[in-house]
Amino acid sequence: MLPFLREAYANPSSVHQFGQSVRHRVEVAREQVARLIGAAAKEIVFTSGGTESINLAIRGALSARRWTGAGSRPRRILTTAVEHSAVLRVLEVLEADEWIIDTIGVDQDGRIEEAEFAAKLADDTALVSLIHANNETGVVFDVARLAGIAADRGIPVHVDAVQSVGKLPIDVTDWPVQFVSMSAHKFHGPKGTGALYVRRRARISPLIHGGGQERGLRGGTENVAGVVGMGVAAETATSDHAETAHRVRALRDRLEGGILSSIPFAHVNGRGAERLYTTANIGFEGLEAEAILILLSEARICASAGAACSSGSLEPSHVLKAMGIDERIAHGAIRFSLSRFSTTEEIDHVVATLPGLLSRLTALSMNR
Ligand code: PLP
């Protein structure tokens, strides 16, 4: 990224050679990101991150959908109870704007019932928005199957794959979906850079109007350094995918196994479902997540309570609530995130540190 902040500072839209050399690098990055998900380069729109991609997909798809007067007027959006706030908040705004939001619940392990999903699709459903891998529990939805049900009824699907792109093998040729949101920093790229996959011929209008960049779908001069960084991160993520997944999954299982065997009141949320190998969501019954996080931080262990954005609030996460997790477990739920850089030593440090740290809290806690 550094050369594009220091020397190669030309505007990629400029026709002079300096600009065109930068344009070339943006287009290389587009190909790298496209390759990560089996898309064509033309189907990638660079954005400022996952949140913008989600806003563009949902709002852009709805505003591009014209009702011809035949059949029912599209006015419903189907989503799940476990979406990220980037989806939930957009839908809340649309609800105030007279869209009807249908929400599908999940079971104790965070899974969706396919038959229930099919039953919730209506003739006037305009769009489906589904999270792929959950940011709190790591639970993975079978997007290919669910989107297939929607596709059979001609309903476009947006997938929030911010957590899974770069970690799980994704091939959009196997997914009957129109839009996929991605974010570079979830696979070691720079923060503030993302992309939206827009299937060829999918109907979508821009949110940001301007100079016609990104094939008219996102006005504004590109964040070249960010885009270049995202491209390289995409390529790195694919280079040793299977080996990384295998190694990190073993570390995650070591962490969960170690904690469960030494802490009798620990529960792994979403354990019965297929999960992303980088996420461990563990509820410590009767304790408060915030208090655990403070002690963990003192021990130089970085973790989060539920969704990062809701850390600091005492409300248990909407995801765990939707799963019907007991409140005493949900209040004490901690999310440990691993990556390709996690080591056995780090995992063993957490497993060795936690029991002593929690016994300090249980001694203090009035709840237990
Ligand atoms: N969707 C999911 C599932 C996420 O985990 C996140 C970020 O944590 C986002 C969307 C938002 O992405 P960004 O922070 O790049 O805007």
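Figured I'd write up the structure that's included with this text. These numbers were taken from a predicted model, which means no experiment stands behind them.

About the criteria used
- Residues numbered from 1 in each chain as written.
- Predicted model: local features only at pLDDT ≥ 70, side-chain atom pairs only at ≥ 80, totals over all residues.
- Heavy atoms only, no water.
- Near = heavy atom within 4 Å.
- Polar contact = N/O pair within 3.5 Å; in protein donor to acceptor, adjacent residues only side chain to side chain.
- Areas by Shrake-Rupley, 256 points an atom, 1.4 Å probe, with all protein chains shown as cover.
- Helix = DSSP H or I, 4+ residues; strand = E, 2+ residues; numbered from the N terminus.
- Nonpolar A, V, L, I, M, F, W, Y, C, P; charged D, E, K, R; others polar.
- Axes fitted to C-alpha atoms, helices over the stretch in contact; angles between N-to-C directions.
- Parallel < 35°, antiparallel > 145°, perpendicular 65-115°, else oblique.
- Left-handed = near helix turned anticlockwise from the far one by under 90°.
- Contact = heavy atoms within 4.5 Å.

## Re the site of the ligand
Neighbouring residues of the ligand: 13 residues in total, closest Thr51, Asp160, Gln163, Ser183 and Lys186. Here Gln163 contributes a side-chain N or O atom positioned 2.8 Å from an oxygen atom of the ligand. Lys186 is positioned with one of its side-chain polar atoms (N or O) 2.8 Å from an oxygen atom of the ligand. Look at the ligand: alone it shows 390 Å² of surface, and the protein chains cover 84% of it. No other element matches the three residues that helix H3 (residues 50-64) contributes to the shell around the ligand. In terms of residue class, the shell around the ligand is built from three nonpolar, eight polar and two charged.

## Regarding the packing of helix H9 (residues 289-298) against helix H12 (residues 344-364)
Running from N to C, H9 and H12 point in directions that differ by 135°, and their axes come no closer than 10 Å. With respect to H12, the element H9 is oriented oblique. Two packed elements cross with a definite hand, and for H9 against H12 that hand is right-handed. Across the interface between the two elements, Ala291, Ile292, Leu295, Leu296 and Glu298 of H9 pack against Leu354, Leu357, Leu358, Arg360 and Leu361 of H12. Across the contact of H9 with H12, the residue classes tally to eight nonpolar, no polar and two charged.

## Side note on the side chain of Ser164
Among the structural elements, Ser164 can be located in the loop between strand S5 (157-160) and strand S6 (179-183). Not counting residues up to four positions away in its chain, the partners in contact with Ser164 are His132, Ala133 and Ile170.

## Structural notes on the environment of Gly220
Looking at the secondary structure, you find Gly220 in the loop between strand S7 (194-198) and helix H7 (224-239). Each C-alpha atom, one on Gly220 and one on Gly210, is 6.0 Å from the other, the two residues being ten residues apart in sequence. For Gly220, the contacting residues outside a window of four places in its chain are Gly211 and Gln213.

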